Amino acid sequence: MLAEGGDYAAAADLMSQALENAPDWAAGWDLLGTFHEKSGEVAGAISAWRRLEALDDDGVFGARLKLAAHNAGAAGEGTAVSYVEALFDQYAPQFERSLVDKLGYRVPEMLDGLVVEQMVALGIERFAKAIDLGCGTGLMGEKLRAKVDFLEGVDISAAMIAETARKGIYDNLQKAELVAALNARRAEADLMTAADVFIYCGDLQPVLAALVPALKPGGLVAFSLEAHDGEEAVFLRPSLRYAHGIAATRDALVVAGLEVLRFETATLRRDRGVPITGILVLARKPPVELTAANDGASGGNVAA
Ligand SMILES: C[S@@+](CC[C@H](N)C(=O)[O-])C[C@H]1O[C@@H](n2cnc3c(N)ncnc32)[C@H](O)[C@@H]1O
């Protein structure tokens, strides 16, 4: 009640007293950290999250991410999978109401717009198989459905998958971490989408390294990122979402062997009243694959 009324210092004080009686209560340490953070007591927040880190074996509270976001620890490489899973399992029932209705979320429309534009430009009538990574409640799938013969959704959160399953949009739904799911596939999809998903994955390079082999030659990928204009390739925001640098993102696309068809910045949604600027990417795996053998034989661009 104190926190809801905005008196975070008093809430932190009360929570500290509760934790004297229940020192192993992980959720209590998490709340104490949040109350301290909101009252401007960053040192108190860090010390609470350090206690949390020791209790949070599975990482569901994201203690390491919270410490890293306050420059008090390394975020570690890759996605904080357990944290993301727990976050969206909790968020699933109100996801669409909060994101679309309250925060003006438009990423699926914007990515779909880029896909449609390239279908026209490249003369693509339909996609045989598309995979929507981090499909959530299916907002991206709804946009894609009419132009895809077989549409798959992959998501780490069972509760998000359950929400989307009710709508019957996808031909197949898989509960899985996306890099693991992609690593099990080879040249399968002619379209992949990830709307507001790689912002939970940190470094782009391992994600793209798993994604590209799972795309068919000539296949398209459309995704969004939160953008920042600093020097870093990627950094963790206090929101616990990653922001990617514009130059580093372009480099990662080149390193992954993708041909960039569209690369633009746009407002993705609002966060605490502030518009979040993002990067929208539409890229293509080159339609002609060079192999060592044919490259050596001809010295030129020969179809595999
Ligand atoms: C902000 S929601 C976006 C959902 C949907 N793409 C949309 O535009 O409405 C992010 C989704 O990505 C999923 N997600 C995040 N990281 C993931 C990962 N590494 N593997 C699989 N799913 C992931 C989350 O569970 C969540 O459902």
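Because the structure is predicted, anything quoted here is derived from the model rather than measured.

1. Examining the overall build of the protein
Then, number 1: Looking only at helices and strands, the protein has 13 helices and nine strands in total.
Then, number 2: Expected size for 304 residues packed as a compact globule is a radius of gyration near 19 Å; at 21 Å, the protein falls within 12% of this value.
Then, number 3: For the C-alpha atoms alone, the extent of the protein along its principal axes is close to 75 × 40 × 30 Å.
Then, number 4: Within the protein, the fraction of its 304 residues that count as buried is 40%.

2. A word on the site of the ligand
Then, number 1: Surveying the vicinity of the ligand reveals 22 residues, the closest of which are Gly134, Gly136, Leu139, Leu178 and Ala195.
Then, number 2: In terms of residue class, the shell around the ligand is built from 15 nonpolar, four polar and three charged.

3. Some details on the nonpolar core
Then, number 1: Grouped together as the largest cluster of nonpolar side chains are 83 residues, with contacts concentrated most on Ala130, Met192, Phe198, Leu211, Val221 and Ala222.
Then, number 2: Both domains that furnish three or more residues to this core are identified here as domain 1 (8–76) and domain 2 (97–284).
Then, number 3: For Met192, the contacting residues outside a window of four places in its chain are Ala130, Ile131, Leu133, Leu211, Leu215 and Val221.

4. Some points on the domain arrangement of the protein
Then, number 1: Taken domain by domain, the protein consists of domain 1 (8–76) and domain 2 (97–284).
Then, number 2: Taking the mean C-alpha position of each, domain 1 and domain 2 sit 32 Å from one another.
Then, number 3: With six residues of domain 1 at the interface, the matching set in domain 2 holds five residues.
Then, number 4: Residues of the side of domain 1 that touches domain 2, tallied by class, amount to four nonpolar, one polar and one charged.

5. With respect to the pairing of strand S9 (residues 274–284)
Then, number 1: Pairing geometry for strand S5 (residues 215–228) and S9, over seven bridges, is antiparallel. Its bridge partner being in S9, Phe223 is matched across the sheet by Val281.
Then, number 2: Across 11 bridges, strand S8 (residues 259–271) lies against S9 in antiparallel orientation. Of the residues in S9, the one forming a bridge with Arg270 is Pro275.
Then, number 3: Hairpin remark: S8 followed by S9, antiparallel, with two residues in the connecting loop; positive phi at Arg272, about 50 degrees.

The rules behind these values
- Residues numbered from 1 in each chain as written.
- Predicted model: local features only at pLDDT ≥ 70, side-chain atom pairs only at ≥ 80, totals over all residues.
- Helix = DSSP H or I, 4+ residues; strand = E, 2+ residues; numbered from the N terminus.
- Rg over C-alpha atoms; globule rule 2.2 N^0.38 Å.
- Buried ≥ 20, exposed ≤ 12 C-beta atoms within 10 Å, placed from the backbone.
- Near = placed C-beta within 6 Å.
- Nonpolar A, V, L, I, M, F, W, Y, C, P; charged D, E, K, R; others polar.
- Core = buried A, V, L, I, M, F, W, Y, C linked by C-beta atoms within 7 Å.
- Domains from an automatic or database assignment.
- Contact = placed C-beta atoms within 7 Å.
- Pairing = 2+ DSSP bridges.

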